[in-house]
Amino acid sequence: MTKINLALPAAAIREIRINSITGYQGDAEELVKAGGCDLKDKERSFSQCMGCTTSKAACMTILIQDAAVISHGPVGCASCLHEFSFTYRVNAPLRGVKKPTPRRIFSTNLQEKEAIYGGGLKLAQAIREVQNRTNAKVIFVLTTCASGIIGDDVESVCTEAEEELGIPVVPIFCEGFRSKVWTTGFDAAYHAIARKLIPKPQQRRKDLINVINFWGSDVFSQWFAPFGAKPNYITPYATLDNLKQAGEAVATVQACSTLGSYLGAVLEQDFGVPEIPAAPPYGIAQTDRWFRALGQILGQESVAEKLIAEKKKEFLPKIEALRRKLAGKTAYVTAGAAHGHALLAVLGELGVTPCGAAIFHHDPVYDSGRPENDQLAQRVADYGNVPNYNVCNKQEFELVNALNRLRPDVLLARHGGMTLWGAKLGIPALLVGDEHYAMGYEGLVNYGERLVEVMENDEFVKDLAKHAVMPYTKWWLAQPPSYFLRGGTGQ
Ligand code: SF4
């Protein structure tokens, strides 16, 4: 297991900690075989804009129910934060939050003056003002490139504010320039939460299992009930009290190994909460393994076996019927790393051939260091190789190039704004924001039915393609997608 040091204010970035990369073109099997240390990132000589670690740290904190978040930087750095207010509101019903309150997002709006004389005072005033206005139970302070470059002592300002206000004021070191792998922002937020908010456990609660996830629907309550446990969802829609309980849970599971790699490992290393040795349950083979690993860690193997048998009896005939409907179809996947691997596993199970994928980064190993958590390796072992596997940090020009060449029957996406590229090319596209939707045996039925529906109703995108204008030139579309990657023909 990677050594994580909570005594330090900041998390080590993914490139250094687990050798993550953002540039690769080849196939999935080669990438899995390349393993950890031998994997070399391929830089691009041309790049479109990409995500920022600040926004990922914001995502994991803005969605905490009783928190307020201050972006310490120029106001522009906070511009991407509003999208999480929308996310909070629209996904609240999935998690039973009946009256979602407005999110509390602020910026210190650093100007030239602070860039010269420092922004510490302005931050201290902002923290007081935010507490006056919101009465939040915890305030998070996100650093940005500007506050990092001018060298503000954000840690000291937060400690002093904490003493003055009597609530936790938590600095998160997530300057955009720290890392090309934006999921480092998740790690930065979890590092700060574990360091400042989760106390050492006084007891072990057998009825509580941590679920590190985004905003997916509450499928875990009914899965955990036969084991006599309930989920402790971290961090979206959690309260400060929920977060404090994380160190007492009996185990940790994840909806996405990319998201929860760091926190799962921290909870095990520093709080004694074991992370189950299995990638998230997407596809039948992985769902079997996941329930068995959970049963083993809880000492309830027979409960797991009974649950697997009952679920399979109910859902396998429906899955088989979907396989017949989807036979011969091809798909292209674009998503963040582990969720992309999950969708590729779902395709494998439903008998749809993946003709390629654009995945936003690659972690050759997760922080647990366990091969059982590697969803791509398991996807390849369970269902075979994925050709045209492109690791690109949302470089849409590469995605469009690949889609135009491969012309799949459907495009699967995880992020808003990506499906339009399929539509412009006349390719039906499916975006499901609920990351739990395709999980488990029942998830294969949910997702398979949506796939059939999307492919059967393609008139709109076919018409749209006749009138759509592409921003990319014919020249670019005739080049290989790896043209600007190191070793490509455009170097
Ligand atoms: S933190 Fe840096 S990379 Fe992120 S939005 Fe601000 S300036 Fe851009």
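Reading guide: rules and limits
Residues numbered from 1 in each chain as written. Predicted model: local features only at pLDDT ≥ 70, side-chain atom pairs only at ≥ 80, totals over all residues. Heavy atoms only, no water. Helix = DSSP H or I, 4+ residues; strand = E, 2+ residues; numbered from the N terminus. Rg over C-alpha atoms; globule rule 2.2 N^0.38 Å. Buried < 20%, exposed > 50% of the residue type's maximum accessible area, 1.4 Å probe, protein only. Contact = heavy atoms within 4.5 Å. Areas by Shrake-Rupley, 256 points an atom, 1.4 Å probe, with all protein chains shown as cover. Near = heavy atom within 4 Å. Nonpolar A, V, L, I, M, F, W, Y, C, P; charged D, E, K, R; others polar. Salt bridge = Lys/Arg side-chain N within 4 Å of Asp/Glu carboxyl O. Phe/Tyr/Trp six-rings, centres within 6.5 Å; stacked < 30°, edge-to-face > 60°. Lys NZ or Arg CZ within 6 Å of the ring centre and 35° of its normal. Polar contact = N/O pair within 3.5 Å; in protein donor to acceptor, adjacent residues only side chain to side chain.

**Q** A description of the overall build of the protein chain should follow, citing residues and the corresponding values.
**A** A tally of regular secondary structure across the protein chain gives 21 helices and 13 strands. Computed over the C-alpha atoms, the radius of gyration of the protein chain is 22 Å, within 12% of the 23 Å expected from 2.2 N^0.38 for a compact globule of 491 residues. Expressed along its principal axes, the backbone C-alpha trace of the protein chain runs to roughly 65 × 60 × 45 Å. Sorting the 491 residues of the protein chain into buried and exposed places 56% on the buried side. A sequence separation of at least 24 residues applies to 75% of the contacts in the protein chain between residues at least 6 apart. Of the accessible surface of the protein chain, which amounts to about 19,300 Å², a share of 54% is contributed by carbon and sulfur atoms.

**Q** Any details on the site of the ligand? Residues and values, ideally.
**A** The environment of the ligand is made up of Cys-52, Thr-54, Cys-77, Thr-144, Cys-145 and Gly-176. Looking at side-chain class alone, the shell around the ligand contains three nonpolar, three polar and no charged residues.

**Q** Talk me through the pattern of salt bridges; I want residue IDs and the actual numbers.
**A** Pairing between side chains becomes possible if they bear opposite charge and their charged atoms approach one another. In this structure the tally under the stated criterion is 25 salt bridges. Among the ionic pairs, Glu-320 bridges to Arg-324, the shortest N-O distance being 3.9 Å. Taken as a pair, Glu-320 and Arg-324 lie in helix H14 (residues 301-326) at a separation of four residues, close to a single helical turn. Residue classification places Glu-320 among the partly exposed positions, given a relative accessible area of 33%.

**Q** Any chance you could break down the packing of aromatic side chains for me, citing the residues and the numbers?
**A** Tallied over the full model, the rule gives 22 aromatic pairs. Following the ring pairs from residue to residue traces out a cluster consisting of Phe-220, Trp-223, Phe-224, Tyr-233, Trp-290, Phe-291 and Tyr-441. One cation-aromatic arrangement involves Lys-200 over Phe-271; the distance from NZ or CZ to the ring centre is 4.9 Å. Directly above the ring of Phe-214 sits Arg-414, whose terminal nitrogen or CZ lies 5.0 Å from the centroid.

**Q** Break down the environment of Pro-364 for me, citing the residues and quoting the values.
**A** By the element assignment, Pro-364 lies in the loop between strand E10 (353-359) and helix H16 (375-383). You can call Pro-364 buried: its relative accessible area is 11%. For Pro-364 and Ala-377, which are 13 residues apart along the polypeptide, the C-alpha to C-alpha distance reads 9.6 Å.

**Q** Provide a residue-level description of the environment of Asp-434, including the pertinent values.
**A** Here Asp-434 shows up in the loop between strand E13 (429-431) and helix H19 (440-456). You can call Asp-434 buried: its relative accessible area is 12%. For Asp-434 and Cys-174, which are 260 residues apart along the polypeptide, the C-alpha to C-alpha distance reads 26 Å. Setting aside residues up to four positions removed in sequence, Asp-434 forms contacts with Leu-94, Gly-216, Ser-217 and Arg-414. Looking at Asp-434, its side chain comes within polar contact range of the side chain of Ser-217, at 2.7 Å. Here His-436 takes part through its backbone nitrogen, which lies 2.9 Å from a polar atom of the side chain of Asp-434.

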